[in-house]
Amino acid sequence: MIQISDVSHQISGLPILTDVTFTLPKGGITALIGPNGAGKSTLLSLMARLSKVQTGAISFDGADVSTTPTQALAKRLSILRQDNSVSARLTVEDLVGFGRYPHHKGRPNAEDHRLVQEALAAMALMPLRQRFLDELSGGQRQRAFVAMVLAQDTDYVLLDEPLNYLDMKHARQMMERLRDTAREQGKSFVIVIHDINFAAAYADRIVALKNGRLHAVGTPKDIVTRPMLKQVFDLDIIVENIRNLPVAIHQIAPFPERQEHP
Amino acid sequence: MPSDRFAQMALPQTGQAPLDRARARVLILGALSLVALGLFLTLGVPGGAWGFALPFRAGKLVALVLVAYAIATSTQLFHAATRNQILTPAIMGFDALYLMLQAGSVFFIGAMATQDLDPILKFSLEVIVMMVFSTGLFLWLFSTQARDLYLLVLVGIIFGTLFRSLSSFISRMIDPNDFVVVQGATFAQFNTVNIDLLWISLVLCAFTVPVLWLLRHQFDVLALGRDTAINLGLPYRRVMLITFATVGLLVSVSTALVGPVTFFGLLVTHLAYRLLPGARFGPTWIAASLVAVITLVGGQAVFEHVLGFKGTLSVVIDLLGGLVFLTLLLKGAQR
């Protein structure tokens, strides 16, 4: 269970998050949505102790991120931020291997090796595993970083826009893989996602942030509605139900006459 | 498709071949270093002068090996901690800081007192000050998220100029007799190694070896950048502190023994990165140190005993290293 209580955060005097409080049950995929600058990435980095919590508290299964030793947290939760790059020359396999570092501290065993191979296979990276990171495309590199976090094999996985740079095929594959992992292994994913339709299709629950405040928490059916999206994004978006799934057609402005159509 | 993947997974030797190649290359470098050491000790010794030449050269040899180790190691640590492979402590004007401390201590305590101080005690104090300075300065510069490389190059140039100007300013203010003392410290070279500090330098360097070896995996994680390192449970701040303190120590040692050499570290670490592509900190560290020994000791042997030149090795090394630096900067610009 993830507990976020009364979290406020300021960066050089500007409020980024204000009194954010919510609880997420263990297991499943939670999508974090909201307009640019809503505080999604800041919240994620506070949860992963990348930034210090200024006010409030965040805990994973009762372990407070501010007081639990960082080595212990690394076995419990992992994070991947946006815009990852590595200056050292590393192969894909080596990078994914680093995901096991919290467990083996530099001396991998057979189990570590197995989990690395699994993560590589899950992200369809087996053909690329001997390639150096600087020889990959943006999407391939993104998959390599996600594979590293998967190899870390933590109960909680925080991903900041994991679908960045991915084509349709790999984006869908990644979401399917995350959903399968969540179901089969009981892991919890918290994902910042911009494509609301991916959130609707794969998330078990959606957390909407706006102007640094919690706006709503609910199932995709609760959140992906025309009035709710209008509140969160200040944008009029048609939502259609296709195969019992809310689908937001956000690319085009709604035409009034089309709405009359049944 | 899946069967295809499993077939690849079953291949046991993948990942093993580059490792063997890396080991072979390190062994070759080790052999070449031994050759360089041998040449330096024996080349051009006039018959009958062995009794004098060997101990004399041995002292200098130890100093050169220490300098090679210190510069290669400090540069590689700096690369890991700052997540770039272009800047080095020397390019960031760090040896200039050491020279400024020299001038400053003469200015504030006076030349007589400086000379009366036990050189080992004095050097130890300087090392401590350098460790504190480097830790403070670099933590301030690099603790936030990755900064623009060109900004850092600029900062380095400004720092170097600032420290050099300050030390020359201080040199002008002190009286000429005191100045001679400062000059003695600032004009150490490959040819006129500062032998007084040999033992203390040896002890300090020997102390860093096991520490760095134990931490070698942590440096690999450190090089992945702050966020990833913290995600993987690295005590980031502590490792950064140790890294920059060690850099300060090693820069003090090398600058005290032979004075500033701007691009040597860049040259040898990049040769090591090329020789062992994708290798971890441990093997690369050994390779960089060996390349440094080969370049420095071998080069000095040839220059001193074959060509009979004096004081030109640092010029050649800085020329080559400077070319590497420019190439890297231009390559970085293309990306």
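Residues numbered from 1 in each chain as written. Chains lettered and ligands numbered in written order. Predicted model: local features only at pLDDT ≥ 70, side-chain atom pairs only at ≥ 80, totals over all residues. Heavy atoms only, no water.

Chain A appears in an unreviewed UniProt entry as Ferrichrome transport ATP-binding protein FhuC from Celeribacter baekdonensis B30. Listed in UniProt under the heading Sequence similarities (unreviewed entry), the comment for chain A reads: "Belongs to the ABC transporter superfamily." What UniProt states about chain A under its Subcellular location (unreviewed entry) heading is, verbatim, "Cell membrane". (UniProt positions renumbered as here; feature names shortened; annotations may be inferred.)

**Some details on unusual backbone geometry**
Residues and elements named next belong to chain A. Positive phi is not limited to glycine here, since Y165 has a value of about 70 degrees. Structurally, the position occupied by Y165 is in the loop between β7 (156-160) and α7 (168-185). Here the phi dihedral of R243 falls at roughly 50 degrees; this positive angle occurs in a residue that is not glycine. Note on placement: R243 falls in the loop between β11 (238-242) and β12 (245-249). When its relative accessible area of 81% is taken as the criterion, R243 is described as exposed. (Helix = DSSP H or I, 4+ residues; strand = E, 2+ residues; numbered from the N terminus. Buried < 20%, exposed > 50% of the residue type's maximum accessible area, 1.4 Å probe, protein only.)

**Observations regarding the packing of aromatic side chains**
All names here are of chain B. Applying the stated rule across the entire model yields eleven aromatic pairs over all chains. Taking the centre distance of 5.0 Å and the plane angle of 75 degrees together, the rings of F107 and F108 count as edge-to-face. Given the relative accessible area of 32%, F107 is considered partly exposed. Judged by centre distance (5.7 Å) and plane angle (10 degrees), the ring pair of F159 and F163 falls under stacked. One end of the pair is F159 and the other is F163, both in helix α7 (residues 149-173) and four residues apart, which spans about a single turn. (Phe/Tyr/Trp six-rings, centres within 6.5 Å; stacked < 30°, edge-to-face > 60°.)

**Focus: the sheet that holds strand β4 (residues 55-60) of chain A**
All names here are of chain A. With antiparallel pairing, four strands are arranged side by side in an open sheet as β2-β1-β4-β5. In the strand order of this sheet, the two ends are held by β2 (14-24) and β5 (63-64), each with one partner. Contacts from helix α1 (residues 40-47) reach β1 (2-11), β2 and β4, with the element oriented near 120 degrees to β1. (Pairing = 2+ DSSP bridges. Contact = heavy atoms within 4.5 Å. Axes fitted to C-alpha atoms, helices over the stretch in contact; angles between N-to-C directions.)

**A closer look at the interface of chain B and chain A**
Chain B puts 26 residues into the contact, and the matching count from chain A is 35 residues. Together, the buried faces of chain B and chain A total about 2,600 Å²; carbon and sulfur atoms form 53% of this surface. In this structure, the connection of chain B to chain A is made through two salt bridges. One salt bridge in this structure joins A:R81 and B:D227, with 3.0 Å as the shortest N-O distance. Looking at the side of chain B that touches chain A, the elements with two or more residues in it are α1 (2-10), α10 (216-222) and α11 (226-231) of chain B. When residues in the side of chain B that touches chain A are grouped by element, the largest group, five residues, is from α11(B). Here the residues of the side of chain B that touches chain A are counted per class, giving nine nonpolar, eleven polar and six charged. (Buried area = accessible area lost by both parts, 1.4 Å probe. Salt bridge = Lys/Arg side-chain N within 4 Å of Asp/Glu carboxyl O. Nonpolar A, V, L, I, M, F, W, Y, C, P; charged D, E, K, R; others polar.)

**Notes on the sheet that holds β7(A)**
All names here are of chain A. Read from one edge to the other, the open sheet built from six strands follows the order β6-β7-β8-β3-β9-β10, with strand pairing classed as mixed. Each edge of the open sheet is held by one strand with a lone partner, namely β6 (77-80) and β10 (213-218). Within this sheet the neighbouring strands show an average axis-to-axis angle of 15 degrees, counted without direction. Relative to β7, β6 runs parallel, the two sharing four bridges. Bridging from a neighbouring strand, S78 pairs with V157 of β7.

**Quick notes on the UniProt feature "domain: ABC transporter" (unreviewed entry) in chain A**
Taken from the UniProt record, the annotation "domain: ABC transporter" (unreviewed entry) applies to residues 2-236 of chain A. In the segment residues 2-236 of chain A, helix accounts for 37% and strand for 26%; the C-alpha atoms at its two ends are 32 Å apart.

**Digging into the pattern of salt bridges**
Enumeration according to the criterion identifies 17 salt bridges over all chains in this entry. Residue A:E135 pairs with A:R89 through a salt bridge whose shortest N-O separation is 3.2 Å. Residue A:E135 is located in the loop between α5 (110-122) and α6 (138-151), and its partner A:R89 is located in the loop between β6 and α3 (92-98); the two are separated by 46 residues in the primary sequence. In this structure A:E135 comes out as partly exposed when scored by relative accessible area, which is 38%. Here B:E304 and B:K60 are joined by a salt bridge, their closest N and O atoms 2.9 Å apart. Taken together, the positions of B:E304 in helix α14 (residues 281-306) and B:K60 in helix α3 (residues 50-82) put the pair 244 residues apart, joining distant regions of the chain. A residue is classified by how much of its surface remains accessible, and B:E304, at 15% relative accessible area, is buried.

**Observations regarding the packing of α3(B) against helix α9 (residues 198-214) of chain B**
Residues and elements named next belong to chain B. Axis separation between α3 and α9 bottoms out at 10 Å; the angle between their running directions is 40 degrees. Between α3 and α9, the crossing angle belongs to the class labelled oblique. Pair α3 / α9 crosses with left-handed handedness. Contacts between α3 and α9 involve G59, V62, A63, L66, Y69, T73 and L77 from the former and L198, S201, L202, C205, T208, V209 and L212 from the latter. (Parallel < 35°, antiparallel > 145°, perpendicular 65-115°, else oblique. Left-handed = near helix turned anticlockwise from the far one by under 90°.)

**Side note on the pairing of strand β8 (residues 188-192) of chain A**
Residues and elements named next belong to chain A. For β8, the buried fraction is high: five of the five residues fall into the buried class. Burial along β8 is two-sided: the residues S188, V190 and V192 and F189 and I191 are all buried. Across five bridges, strand β3 (residues 28-33) lies against β8 in parallel orientation. Looking at the pairing, L32 lines up with V192 of β8. Regarding the hand of the β-α-β motif, the stretch spanning β7, α7 and β8 is right-handed. (Right-handed = clockwise from strand over helix to strand, strands pointing away.)

**Comments concerning α7(A)**
Working note: α-helix, 3.6 residues per turn, so residues spaced by three or four point in the same direction. Residues and elements named next belong to chain A. Between its terminal C-alpha atoms α7 stretches 25 Å, which fits the 26 Å expected from 18 residues at 1.5 Å a residue. Every buried residue belonging to α7 is among H170, A171, M174, M175, L178, T181 and A182, and all of these are buried. End-on view of α7: buried residues confined to an arc of 135 degrees, all on one side of the axis. In this structure, α7 carries M168, K169, R172, R183 and E184 as exposed residues pointing more than 90 degrees from its buried face. On the buried face of α7, the contacting elements are β3, α6, β7, β8 and α8 (196-202). Following α7 by one or two positions, G186 has its phi on the positive side, about 65 degrees. (Expected span 1.5 Å × (residues − 1). Arc of directions from axis to C-beta.)

**Some words on a nonpolar patch on the surface**
All names here are of chain B. Together, F107, F108, I109, L162, L166, F169 and M173 make up a nonpolar patch on the protein surface, roughly 700 Å² of accessible area in all. Of all the secondary structure elements, the ones that give two or more residues to the nonpolar patch are α4 (94-109) and α7. Counting residues per element, the nonpolar patch draws most heavily on α7, which supplies four residues. Along the chain, F169 falls in helix α7. (Patch = residues over 30% accessible without salt bridge, like charges linked within 9 Å, V, L, I, M, F, W, Y side chains within 5 Å. Areas by Shrake-Rupley, 256 points an atom, 1.4 Å probe, with all protein chains shown as cover.)

**Points about the pairing of β7(A)**
Residue and element names in this part refer to chain A. Counting buried positions over the five residues of β7 gives five, a clear majority of the element. Covered by surrounding structure in β7 are Y156, L158 and D160 together with V157 and L159, the residues of both alternating faces. Pairing between β7 and β8: five bridges, direction parallel. Bridge pairing in β8 links D160 to V192.

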